[in-house]
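# Results of the structural survey
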Amino acid sequence: MLYQQTAILLIPFLGTSLGSAMVFFTKNKINEKFQKFLLGFASGVMIAASVWSLIIPSVEMSAKQNVIEWLPAAVGFLLGIGFLLLLDSVIPHLHLNSDKPEGVKSRLSKNTMLVLAVTLHNIPEGMAVGVTLAGAITENTGITVAGAISLAVGIAIQNFPEGAIISLPLKDGGCSKLKSFYYGVISGAVEPIGAMITLIFAGIVTQILPYLLSFAAGAMIYVVTEELIPESQSGKHSNIGTIGVAVGFVIMMILDVSLG
């Protein structure tokens, strides 16, 4: 069981690492339209995961605990939004296709702040996997191990292009291939760490699982609305980002319904 849990926690990190490895096989930077599609795809996956894998189980679990069904989902969701808003305001980072750093002022290099931007939105993904796995190994939650696996696989799928999106621009910016790959991998390392911390915490205090599920959902939706969708729609107008959202949403929904 321990090996199974560890494997599930590492699945999203594997997706990021494999995507970062594209720096060794691709000479040119990612086509702008394709990058927008990938950003939209990641948004669709995260939106669907937030609804099917996190908010709905939160509501169902609350009902079983004889709590007002919508209360933990609403409170946790808003706290998740607030938590990422706080991190976004404090951690110095730089979004793709932007020259204006966000967060507190610092002397960090552009490459480091690019990595921190990706790391920032990997935090809720790790939390989502950790709390879902905690629900799967806790009795009477309605969450299955297959459901936790489907979420981990869905996040890994959208992490693959994210790994490439961070490593390839770093290479174009002057970093060596090995260093660009390293930065991409490091940006995803926060996911298994965050997942493990959440898993341990949720296992100790099972009564707050509904809040933690919706907390992770709120944090993920913050990333989608603050970063991914705006970046997929930046520059010359194109519907390719919207198409990516639709494809990512449907794929994650199918995974969750069929496996969960």
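Everything here concerns the structure above.
This write-up is about the structure you can find in this document. All residue numbers here refer to positions counted from 1 along the written sequence of the relevant chain. A pLDDT threshold of at least 70 governs which residues receive local features in this predicted model, and a stricter bar of 80 or more applies before side-chain atom pairs are shown or counted, although totals over entire chains, interfaces and linings include all residues. Hydrogens are left out, water is left out, and the side-chain values use all remaining heavy atoms of the structure.

## Remarks on the pattern of salt bridges
To be explicit about the condition: Salt bridges are defined by distance alone: a side-chain nitrogen of Lys or Arg within 4 Å of a carboxyl oxygen of Asp or Glu. Each helix is a run of DSSP H or I of at least 4 residues and each strand a run of E of at least 2, with the numbering of both proceeding from the N terminus. Exposure classes here rest on a 1.4 Å probe applied to the protein chains alone. A residue is buried below 20% of its type maximum, exposed above 50%, and partly exposed in between.
This model, assessed by the stated rule, comprises 1 salt bridge. Measuring nitrogen to oxygen at the nearest pair gives 3.9 Å for the salt bridge that ties E32 to K36. Of this pair, E32 and K36 both sit in helix α2 (residues 32-64), 4 residues apart, roughly one helical turn. On the accessibility criterion, K36 (6% relative accessible area) is buried.

## Notes on a nonpolar patch on the surface
Let me state the cut-off plainly: Patches here are clusters of residues that have more than 30% relative accessible area and form no salt bridge, with a 9 Å joining cutoff for like charges and a 5 Å cutoff for nonpolar side chains (Val, Leu, Ile, Met, Phe, Trp, Tyr). Areas reported here follow the Shrake-Rupley algorithm with a probe of radius 1.4 Å; residue values treat only the protein chains shown as occluding.
On the surface, I157, I243, V247 and I251 cluster together to form a nonpolar patch covering roughly 280 Å² of accessible area. For the nonpolar patch, the element with the most residues is helix α8 (residues 240-259), which contributes 3 residues. Tracing the backbone shows I157 in helix α5 (residues 145-172). Taking the relative accessible area as the measure of exposure, I157 reaches 35% and is therefore partly exposed.

## Considerations on the packing of helix α1 (residues 2-20) against helix α6 (residues 177-204)
Let me state the cut-off plainly: Here an axis means a line fitted to C-alpha atoms, over the contact stretch when the element is a helix, while the angle between two N-to-C directions is reported on a 0 to 180 degree scale. Each angle receives one of four descriptions, namely roughly parallel if under 35 degrees, roughly antiparallel if over 145, roughly perpendicular if within 65 to 115, and oblique otherwise. Here a crossing is taken to be left-handed if its near helix is turned anticlockwise relative to the far helix by less than a right angle, and right-handed if that turn runs clockwise. Contacts are assigned to residue pairs that have any heavy atoms within 4.5 Å of one another. Under the grouping applied here, Gly and all other residues not named as nonpolar or charged are polar, the nonpolar ones being Ala, Val, Leu, Ile, Met, Phe, Trp, Tyr, Cys and Pro and the charged ones Asp, Glu, Lys and Arg.
Where α1 contacts α6, the two axes come as close as 8 Å, and the packing angle between them is 160°. When the axes of α1 and α6 are compared, the pair comes out roughly antiparallel. Our pair here, α1 against α6, has a crossing hand that is right-handed. Residue-level inspection shows Q5, L9, L10, P12, F13, T16, S17 and S20 of α1 in contact with α6, the latter providing F181, G184, V185, S187, G188, A189, E191, P192, A195, M196 and L199. For the contact of α1 with α6, the per-class residue count stands at 11 nonpolar, 7 polar and 1 charged.

## Description of the packing of α1 against α5
Each packed pair of helices is defined by two parameters, the angle between the axes and the distance between the axes. Contact geometry of α1 with α5 gives a least axis separation of 5 Å together with a crossing angle of 20°. On the basis of their axis angle, the class for α1 and α5 is roughly parallel. Relative to α5, α1 is oriented so that their crossing is right-handed. Listed contacts from α5 to Q4, I8, I11, P12, G15, T16, L18, G19 and S20 of α1 are V145, A148, I149, A152, V153, I155, A156, N159, F160, G163, A164 and S167. A breakdown of the residues in the contact of α1 with α5 according to their chemical character gives 13 nonpolar, 8 polar and no charged.

## Digging into the side chain of S214
Our working definition: Here a polar contact is recorded for every N or O atom pair within 3.5 Å, except that within protein the pair must consist of a potential hydrogen donor and a potential acceptor, and residues adjacent in sequence are included only if both atoms are side-chain atoms.
Note that S214 resides in helix α7 (residues 209-232). S214 gets classed as buried once you look at its relative accessible area, which sits at 0%. From its side chain, S214 meets the backbone oxygen of P210 in a polar contact 3.1 Å long. A distance of 3.1 Å separates a polar side-chain atom of S214 from the backbone oxygen of Y211. Excluding anything up to four places from it in sequence, S214 contacts S58, P72, A73, G76 and F77.

## Some details on empty space enclosed by the protein
Formally: Cavity and pocket criteria rest on a 1 Å grid covering protein atoms alone: a 1.4 Å probe that fits but cannot get out defines a cavity, protein on both sides within 12 Å along at least 5 of 7 lines defines an open pocket, and an atom within 4 Å of a point defines a lining residue. Grid points are joined across faces, edges and corners, and a volume is the space filled by probe spheres set on the points.
This structure, assessed with the given rule, holds 3 cavities of 30 Å³ or more. By volume, the second largest cavity amounts to about 50 Å³. Along the walls of the second largest cavity sit L84, D88, H95, L120, H121, Y222, V223, E226 and E227, which together make up its complete lining. Among the elements of the structure, α3 (70-90), α4 (110-137) and α7 are those that each provide at least two residues to the lining of the second largest cavity. Sort the elements by how many residues they give to the lining of the second largest cavity and α7 lands first, with 4 residues. Partitioned by chemical class, the residues of the lining of the second largest cavity number 4 nonpolar, 2 polar and 3 charged.

## Quick notes on the nonpolar core
Here is the rule we go by: In these notes, a set of buried Ala, Val, Leu, Ile, Met, Phe, Trp, Tyr and Cys residues joined through side-chain atoms within 4.5 Å is what counts as a nonpolar core.
The biggest cluster of nonpolar side chains holds 50 residues, and the ones touching the most others in it are L54, V131 and L228. For this core, the elements supplying multiple residues, two or more each, are α1, α2, α3, α4, α5, α6 and α7. For this core, the element with the highest residue contribution is α7, accounting for 12 residues. When residues no more than four places from it in sequence are discounted, the contact partners of L228 are L39, A42, S43, M46, H121, E162 and V223. Ranked by size, the runner-up nonpolar core spans 9 residues in total, among them L94, L114, L170 and Y183.

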